[in-house]
Amino acid sequence: MNNTRKAKENDMRKVIAAFNMTVDGNCDHTAGIADEELHQHYTDLLNNAGVILYGRTTYELMQYWQTLIKNPSGEKASDDFAKAIDKIPKIVFSRNLKNTDWESAKIATNPIDEVIDELKQQSGKDIFIGSRSLIIQLMNLNLIDELQLCIQPVIAGNGLQLFDQIKGRTKLKLIKTKSLKSGSTVFYYEPNR
C-alpha cells in the first residue's frame, strides 16, 4: 500500500458504535443509570460527531429530547444533551416511517452499507451508531471501526442483549477506558481485523 493511500485511509471518518449496557449485556434503556455525568459524556460525544445513525425504535425513543428543547428541565446536563441531540444530523433506517418530524433528521433511502460507504468518503467528523439493530448489522458486515461501550454497574437479569445476533467471533483491542463516578466504565475498543 502506498503512503498516499494509507494517509487517506487514516483521514477517513470512523464508524463508532457508542452504547450503554449492563454488566450482563442488557442494553434496554431502562436498565441503566442515567445521571448527569453520563448525559455529559454523551453530550460531549455528540458535539464532536458529524452524524448519528438510528434504527426506527431507538430514533423514536430519542424524540423524547425534543420536548426538552421546547420546555427545558432546568437540569443542565439533560438540557445540554437535548441541545446536542437536536443539532446533530441524524439518519434513520426504517421501512415504516414516512417522515421524521425532526428538522435535523432524514430517512435513509439506501441500504446501511451504502450509506456508510458514502459517509466515509465525505470529509467531516466521525459517524456514530446509536441503535442496537444497526450495531449488529454493521458488526456482521465488519464496518465498525470503534466500539465505545459504557458498562453500567447493574445486573439486569434478563432483557434485550446487545450482541446476541452477532455472527462469528470478533476479537477486540482495548484502546482506553473512562471511569464515571456512578461506577460505570466506558471501554473503547477497536476490532482486530
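Everything in this summary refers to the structure shown in the same document. Given the structure is predicted, the values throughout are model-derived calculations rather than measurements. (Residues numbered from 1 in each chain as written. Predicted model: local features only at pLDDT ≥ 70, side-chain atom pairs only at ≥ 80, totals over all residues. Heavy atoms only, no water.)

So, about the side chain of Ser184. Topologically, Ser184 is positioned in the loop between β7 (172-179) and β8 (185-191). Overall, Ser184 belongs to the buried group, its relative accessible area being 1%. Here the side chain of Ser184 touches Ser182 through a polar contact of 3.0 Å, side chain to side chain. Ignoring sequence-local partners within four residues, the contact set of Ser184 consists of Cys150, Ile151, Gln152, Pro153, Lys178 and Ser179. (Helix = DSSP H or I, 4+ residues; strand = E, 2+ residues; numbered from the N terminus. Buried < 20%, exposed > 50% of the residue type's maximum accessible area, 1.4 Å probe, protein only. Polar contact = N/O pair within 3.5 Å; in protein donor to acceptor, adjacent residues only side chain to side chain. Contact = heavy atoms within 4.5 Å.)

To continue, consider helix α5 (residues 76-87). Since there are 3.6 residues in each turn of an α-helix, residues three or four apart along the chain are aligned in direction. Here α5 contains twelve residues, and its C-alpha end-to-end distance of 17 Å stays within 8% of the 16 Å for a straight helix at 1.5 Å per residue. Taken together, the buried positions of α5 are Ala77, Ser78, Asp79, Asp80, Phe81, Ala82, Ala84 and Ile85. On its buried side, α5 packs onto α2 (36-47), β2 (49-55), α3 (56-62), α4 (65-70) and β3 (90-93). (Expected span 1.5 Å × (residues − 1).)

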